[in-house]
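Given next are the chains, with one letter for each unit.
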Amino acid sequence: MKFSSLATALALAPAVASASRMLNETAMLNETASTHPEINDLMNIAFPMWELNDKGERKKITECTVDACEWNPFYVTKRYDGLHPDFGGHPSDNDVKYAFFASSPYAGQPYPGTPHHCPPDAPDNITAGECPKIATTSDYGPEGPGHVPPHIGLASLTWAVRDELFSMEEMFDYDNYECRVIPNVLFQMVRNYYPRIEGEKVDYPPPIVPEGGDFQYEFPSGRGLENQEPPYEPGPPHWCTEEMLASGHWDGVCPYIFEGPDAGKYRHPHIAYAALEVYLANMAMPDKCATTWLQNNPWFLAEDRVTTDTPFPVMTNDKDDAKSLKNWLGQPVLPWTYDSGDARDVEVMSAEATRALLDIAAPTTTVAPTTTTESSCALQPIPTNPDDFDEPHWETILELAFPTWATPENGCPRLDALGGTIVPEYTTFPVPEEGKFNPCYYTKAFAGLDTKLGGFPTPIDTKYQYEYAAPFQKQPGDGSTHHCTLDAVDIGACPKFQNDCGKDCASITEKGIGHIPPFVALAAIKNEYNSISCTADICSEWFDFETSGCNIQPPKLDELVIKYFGDGETIKFQPPILIDGKPSSTYYRLEYLGESPACDDGNCRGPHYCSKEVADEGVIWGDFCPYVHTGDNSGQYRHPHLALAALELWISNQCMPDKCAAQWLDSPNGQGYAADSTKSTAIVWAEMDNNALPWAQPMVPYKWPNSEDGIFPGHTMLYGDSDSKEAPAPYVTEFVNVNPDVAEPATDATATDDAPTYAPTYVPTKDTTGDAPATTKSEPSSAWLMPNTVAVVLTGLACIFMM
């Protein structure tokens, strides 16, 4: 892939302004300053600038047409970006169609058209920092690379030209992208210079360092408002007052450098990128692509165009003419006064839209195929993680099926120790996004409920066939694998179905395989798929959509579990951990079991990080304790039943793409998920020591159910006025007392501290979704009315889900 024709053209290009500063030599299109335009000169060609008088004001106003229009050279505010050039702004990132902007929509929420994604119902006083940019951990998920700063696109394109990575023909496709670099080619350029470690975010360097392109038109404000002159120190390019910075509000509304020798010279990297793109496109297709951006994008001047400007707060100079320099130099008025404005029908460069343009697929293996059989497989190998013993790359697989909200820029919130305080650098909680899931997961209290509450589907929701859940009759442990009576206290002591042959063991009887943890079935599927995916017809042997949808057929899963873990009349398995430094037979890293020092006192219960006080209480179910919430793995726990569901869906999507969507919410199992909390599969929670925080510990002394004075679900939220609820699944009622004369445990409310200011924003105090709770007692299914019996329907060894 050579670029010799373009390199020759660049070498012959004249220098427009010899006094212009040069790009850093690592970001130059060629070796010397005299043989090609510098990037500022390219911007002046693509965006011709009007003349200024000695006061920095426009000298002469001329008519703006597609072929003859001028732009503001004394650029000090982005307020009017996306509007007519006469207002002094430049085209926005969305206008130039920078592919990896990952823009927020114009849906009436704060900061539309920026990389900041606020909830649709966010108040106008929300700070931009509470509305994160999309930072993905995989390029292959529904949001692709996420937000890649424009200076990274500029540097990558610049260096790709220098290094001759692509030919002209490979860079442009006028029929599909007109005068823009093909997004898929730009993506390859970016990853050539900024590779991603799968499962991790890419830490892009800032524009002012050589690694970030050494962009010379940033003029960062690190020395403060009173020092607008070289040398510049790291900071944002916006020059705000100290009071404004202290407010925590969006600094993007402050002016760019407006005093000193570089006043008005700030330029957006996306404008520089667009200028370089125009220059290259004109060289590649001179008969189709002109030398100015407007000539290539005449629609920008259309009178009926819906503009891409973003609302600003009240500014100090609002009374002055919007086309005047004085107006442009305004600072935000404090206290912050902002109006998000109305929704607009604007097509933006969203992360999802860009992902659809990329011709990339998830990695299939860490080792290149070595045989004809391997390379001609009908099904893809499972993506693997070289940093995890070449085990499946669960983060990638999970993200495909359960895409998550944007992770806070610094990472998930965390405590400095179990029972400690929040780490100051990690106080920002993620913001809910429609149809996506929580990336910072601390508790299963919200499992089975609306995704905006922060939970994931339960094993019942994903139709895990070995769950054998207790029915929902207001008893402790409802919907869990523990089958308790209504007057039970210690949920963990209540029995599981046929889980009675010792530790890490389940019985096989005429009723089938007893309860086994999902990581056992997950390991069986993984092992079998890896051994036969290129030699057997998995699609026809494992799936039958008419009977099992996108799940593996129950008899087939029984067969696989018995094959890998059968031991006579039992299923025996190891825990999902490293044993002597090597993966066990069911190893699953995302459990994060027993991390030190948090669990050094023997206080943790499996993946649940209980305090020593809770552990010593003796009767508190460990599942009420939070998952890992200290250290770098804080919030990263993921249920093995979710990995199983994601893997099943990944395989079934290959087999039946027209029936089994890649994302779980779009699949058959996800239809109607969490539409009504009183019909959900969520578990009634215990009273917590702070009902406002997702990493709260159970109250000591133990109290159940939760008082619902905070974020956790109790009887009212999950049952309304009913004593039971319908949630189709195979249940076991052998141990559940349904005698209505048995009194319920007391529901004394316990006062808790008010939520601190860093409490998550995605958990309301009360559920408001779904239908209103029933006003009369609902009738449970007939299976639920059978006291002291096993109410499961079996075909061979398989359970049939009551649909």
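Residues numbered from 1 in each chain as written. Predicted model: local features only at pLDDT ≥ 70, side-chain atom pairs only at ≥ 80, totals over all residues. Heavy atoms only, no water.

## Some thoughts on unusual backbone geometry
Rules: A run of H or I in DSSP counts as a helix once it spans at least four residues, and a run of E counts as a strand once it spans at least two, with each numbered from the N terminus. For each residue, the accessible area found with a 1.4 Å probe, counting protein chains only, is set against the maximum for its type, and the residue is called buried under 20%, exposed over 50%, and partly exposed in between.
A cis amide bond links S596 to the next residue, P597, at an omega of 5 degrees. Counting through the fold element by element, P597 comes out in the loop between β8 (582–583) and α18 (612–617). Between V700 and P701 the backbone carries a cis peptide bond, its omega angle lying at 0 degrees. With phi around 55 degrees, D504 is a residue other than glycine that occupies positive phi space. Even without being glycine, D580 reaches a positive phi, approximately 55 degrees. With respect to the helices and strands, D580 occurs in the loop between β7 (578–579) and β8. Looking at D580, the relative accessible area reads 76%, which means it is exposed.

## Digging into the sheet that holds strand β6 (residues 570–572)
Rule in force here: Only strands that DSSP links by at least two bridges are regarded as paired with each other.
Across the sheet, 4 strands lie side by side as β4-β3-β6-β5; this open sheet has antiparallel pairing. Looking at the sheet topology across the chains shown, the edges are occupied by β4 (512–513) and β5 (566–567). Taken together, the 2 bridges between β5 and β6 define a ladder with antiparallel strand orientation. Note that in β6 the partner of G566 across the bridge is I571.

## Section: empty space enclosed by the protein
Our working definition: A cavity here means a set of points on a 1 Å grid, drawn over the protein atoms and nothing else, where a 1.4 Å probe fits but cannot get out; a pocket is an open set with protein on both sides within 12 Å along at least five of seven lines, and a residue lines either one if it has an atom within 4 Å of a point. Grid points are joined across faces, edges and corners, and a volume is the space filled by probe spheres set on the points. In this classification, the charged set is Asp, Glu, Lys and Arg, the nonpolar set is Ala, Val, Leu, Ile, Met, Phe, Trp, Tyr, Cys and Pro, and all remaining amino acids, among them Gly, are polar.
Tallied over the full model, the rule gives 9 cavities of 30 Å³ or more. In this model, the largest cavity occupies a volume close to 130 Å³. As for the largest cavity, its lining consists of K78, D81, S92, D93, N94, F101, Y106, G113, T114, T308, D309 and T310. In terms of residue class, the lining of the largest cavity is built from 2 nonpolar, 6 polar and 4 charged.

## Description of the layout of surface pockets
By volume, the second largest pocket is sized at about 1200 Å³. Going through the elements one at a time, α14 (518–532), α18 and α19 (640–655) are the ones with two or more residues in the lining of the second largest pocket.

## Quick look at helix α8 (residues 269–284)
Spelled out, the test is: To estimate how far a helix should reach, multiply one less than its number of residues by 1.5 Å.
In this model, α8 (16 residues) spans 22 Å end to end at C-alpha, consistent with the 22 Å of a helix rising 1.5 Å per residue. Burial within α8 is extensive, with 13 of its 16 residues counted as buried.

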